[in-house]
Amino acid sequence: LRMPLGKSEKKKDEVVTEIDHVDRNLANLTQLPHIFENHNLTRLTLSHNKLTSIPANIADLVNLQILTLWNNHIEDLPPSISSLPKLKILNVGMNRLSILPRGFGNFPSLEILDLTYNNLSERSLPGNFFFISTLRALYLGDNDLEMLPGDVSNMHNLQILVLRDNDLLTLPRELGQLARLKELHIQGNRLTTIPPEIGHLDLTNTKNVLRLEHNPWVPSIQEQLDGGGSGAVMEYIRGENYKYFYGRQEASTSTIPPKKNKDKKISRAGGHRPGGC
């Protein structure tokens, strides 16, 4: 007769689908030698470590749905990462990315992408970045973007777009085509005007969010914001007078607001992170 499996045997045969290695001082994924052999893995969390790169064989984790790399020292990602067929959530926030790999927009299933607090500018983004049509939430706050390409209109499933605390000077008119957008965070930039097409969006009902503060707005927008909040601004930019004014502003060469000094930003190489990471 076969004896019942002991505890250790059961554990050995058990399928591990979720792995957490948080705050373990990891500097290299070779310290976790068998992790890429586990093709059953659906969630991998490696937050608060000292990783500087991710190996190309991350693509072997074909069932991975959630990959969290928050608060490491990652400077680049492998092009293979965007071939992960089931990946729905990718969090690479609080790292040192200054460029994204070629073809990064090829993700077939990605719904949430968090790139908060890196060193990304519009030049860092590959040509197909804004073609991730499955994306529902894009977090790009605390980066170095000065402009946003009109290609953003291809993200037609986008519901949340966070661009706060960048260096944005303008927004594309095409943003107004994102009919499903429920949250737009553009506070803390260098914006002076807002395209009238943004007025097409439904961002002012009680469940939706439009954040506009801490921009050097032209007086007419700032007055609306001070007097009635973002709802008053939306009402104002929908008017014919504003459309005419905006067209004239686009054609003029007004003074460019200065950039913020980001030299002490902790995503810059050599910066110190909370908790000594």
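Residues numbered from 1 in each chain as written. Predicted model: local features only at pLDDT ≥ 70, side-chain atom pairs only at ≥ 80, totals over all residues. Heavy atoms only, no water.

Caption draft 1: Quick peek at the overall build of the protein chain. Across its full length, the protein chain holds three helices and nine strands. Secondary structure elements of the protein chain, listed N to C terminal, follow the sequence α-β-β-β-β-β-β-β-β-β-α-α. For the protein chain, long-range pairs separated by at least 24 residues make up 47% of all intrachain contacts whose partners lie at least 6 apart in sequence. In the structure as shown, the protein chain presents an accessible area of about 14,000 Å², 51% of it carried by carbon and sulfur atoms. One finds the centroid of the 31 positive side-chain charges in the protein chain at a distance of 4 Å from the centroid of its 30 negative side-chain charges. (Helix = DSSP H or I, 4+ residues; strand = E, 2+ residues; numbered from the N terminus. Contact = heavy atoms within 4.5 Å. Areas by Shrake-Rupley, 256 points an atom, 1.4 Å probe, with all protein chains shown as cover. Lys, Arg positive; Asp, Glu negative; His and termini not counted. Charge placed at Lys NZ, Arg CZ, Asp CG, Glu CD.)

Caption draft 2: Structural context of the packing of helix α2 (residues 219-237) against helix α3 (residues 240-251). Closest axis-to-axis distance for the α2/α3 pair is 12 Å, and the angle between their directions is 110°. Between α2 and α3, the angle falls in the class roughly perpendicular. For the pair α2 and α3, contact is made by S220, I221, Y236 and I237 and by Y242, K243 and F245, respectively. When the residues that make up the contact of α2 with α3 are grouped by side-chain class, the tally is five nonpolar, one polar and one charged. (Axes fitted to C-alpha atoms, helices over the stretch in contact; angles between N-to-C directions. Parallel < 35°, antiparallel > 145°, perpendicular 65-115°, else oblique. Nonpolar A, V, L, I, M, F, W, Y, C, P; charged D, E, K, R; others polar.)

Caption draft 3: Here's a closer look at the environment of D60. When you line up the elements, D60 lands in the loop between β2 (43-45) and β3 (66-68). Overall, D60 belongs to the partly exposed group, its relative accessible area being 37%. As for D60 and I198, which are separated by 138 residues in sequence, their C-alpha atoms are 41 Å apart. Sequence-distant contacts of D60, defined by excluding residues within four places in its chain, comprise F36 and H39. (Buried < 20%, exposed > 50% of the residue type's maximum accessible area, 1.4 Å probe, protein only.)

Caption draft 4: View of the UniProt feature "domain: Disease resistance R13L4/SHOC-2-like LRR" (unreviewed entry) in the protein chain. Listed under "domain: Disease resistance R13L4/SHOC-2-like LRR" (unreviewed entry) in the UniProt record, and renumbered for this structure, are residues 28-117. With 0% helix and 13% strand, residues 28-117 has end C-alpha atoms that lie 21 Å from one another. (UniProt positions renumbered as here; feature names shortened; annotations may be inferred.)

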